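Fold and contact review
Listed below are the residues making up each chain.
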Amino acid sequence: LRHDPFTYNVPLRDYQERAIRAIESAIAAGRREVLVAMATGTGKTKTCIALVYRLLKAKRFRRILFLVDRTALGEQAGAAFRETRLEHHQVFADIFEVKELGDATPEPATKLHIATVQAMVQRILYTDDTPPPVDQYDCIVIDECHRGYLLDREMSEDELRFRDLTDYVSTYRRVLDRFDAVRIGLTATPALHTVEIFGEPAFRYTYQEAVIDGWLVDHEPPLRCHTALTQEGITW
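Residues numbered from 1 in each chain as written. Predicted model: local features only at pLDDT ≥ 70, side-chain atom pairs only at ≥ 80, totals over all residues. Heavy atoms only, no water.

**Focus: the packing of aromatic side chains**
Under the counting rule described, the total for this entry stands at ten aromatic pairs. When the centroid spacing of 3.9 Å and the interplanar angle of 5 degrees are considered together, the rings of Y15 and Y205 count as stacked. Separated by 190 residues along the polypeptide, Y15 in helix α1 (residues 14-28) and Y205 in strand β7 (residues 203-205) bring together distant segments of the chain. Across this residue pair, the class does not change: Y15 and Y205 are buried. (Phe/Tyr/Trp six-rings, centres within 6.5 Å; stacked < 30°, edge-to-face > 60°. Helix = DSSP H or I, 4+ residues; strand = E, 2+ residues; numbered from the N terminus. Buried < 20%, exposed > 50% of the residue type's maximum accessible area, 1.4 Å probe, protein only.)

Below is the structure:
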C-alpha cells in the first residue's frame with residue numbers, strides 16, 4: 001500500500017489521497033479503530049471507494065462491511081460502487097463482488113457488503129437464526145459515523161425505535177463489537193461519543209481548509225435588518 005500509486009480513472013484530490021494514506025498508516029501501526037473527519041462536500045464517498053478498493057486489491061482485508069445509518073445512504077453508496085470506474089475502465093462492482101441492501105448474507109466470494117445499522121441490529125440481536133459469525137468481516141467502514149440521523153425527519157419504522165441517543169449508541173457499539181474487525185469511521189462532525197468509539201481523528205480536513213484551497217465556496221456574511229421594533233421593543 002505504501003508504494004501503490006493513485007493512478008485511477010477517477011482522479012483523487014490531494015487531501016483525499018492524504019486521508020487514505022493516513023488511514024493506511026494507522027492500520028500499519030496496528031490501530032483497530034481509525035477516524036477521519038472531512039468537511040461536508042469534500043468527497044467522503046469517493047474517498048471511501050478508493051480506500052476500500054486499495055485495501056481489497058492489496059489483500060489486506062478479505063471482506064469489508066460498508067455500514068450506513070439510512071437506507072437512502074446505502075442506495076447512494078451502492079450506486080457509487082456500481083458506477084465509479086477505477087482501473088482499466090472497470091467499475092468497482094465489476095472487479096469485486098458487492099452485496100447491497102437486502103442481501104442479508106454475503107457469499108464466499110463477496111468482498112464488499114453494504115448494510116444499514118438497523119439491519120445488522122436485527123441480524124445480530126433480534127433473530128431466531130444463528131447470528132453472523134465474528135469473522136464474517138475483517139474490516140468495517142462506517143459512513144457518517146457521528147450518528148446524526150436522529151435529527152432526520154424521514155425515518156423508517158425501524159429507525160424510529162431508536163429515539164434515545166444513549167440506547168442507540170450502545171446498540172450501535174454492540175454491532176461493531178460483534179465482529180473481529182478493524183473499524184474505519186468517516187464523518188464531517190466527530191461528536192464526543194464518536195471519538196470515544198474511534199479515538200481522535202487520524203486525519204482532519206476542515207471546512208475552512210477546503211475554502212482556502214478552493215474546493216468549497218464560503219458563504220457571504222449575513223445581512224441584518226434593523227427595525228424600530230427590534231431596536232426599541234414594545235412598551236405599554
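After that view of the structure, there is still more to cover.
**Observations concerning the pattern of salt bridges**
This model, assessed by the stated rule, comprises twelve salt bridges. A salt bridge links R32 to D180; the nearest nitrogen and oxygen atoms lie 2.7 Å apart. Remark: D180 occurs in the loop between α7 (165-178) and β6 (182-187) and R32 occurs in the loop between α1 and β1 (33-38); sequence separation between them is 148 residues. A residue is classified by how much of its surface remains accessible, and D180, at 53% relative accessible area, is exposed. Put simply, D4, R21, E24, R54, K57 and E87 are held in one network by salt bridges that share partners. (Salt bridge = Lys/Arg side-chain N within 4 Å of Asp/Glu carboxyl O.)

**Quick notes on the environment of L73**
In this fold, L73 is placed in helix α3 (residues 71-83). When its relative accessible area of 14% is taken as the criterion, L73 is described as buried. Here L73 is in contact with V68 and E144, once residues within four sequence places are set aside. (Contact = heavy atoms within 4.5 Å.)

**A closer look at the environment of T84**
Relative to the assigned elements, T84 resides in the loop between α3 and α4 (92-95). For T84, a relative accessible area of 15% gives the class buried. A sequence separation of 74 residues divides T84 from V10, and the C-alpha atoms of the two residues are 7.4 Å apart. Residue contacts for T84: discarding those within four places in its chain leaves V10, I49, Q90, V91 and F92. A distance of 2.7 Å separates a polar atom in the side chain of T84 from the backbone oxygen of A80. (Polar contact = N/O pair within 3.5 Å; in protein donor to acceptor, adjacent residues only side chain to side chain.)

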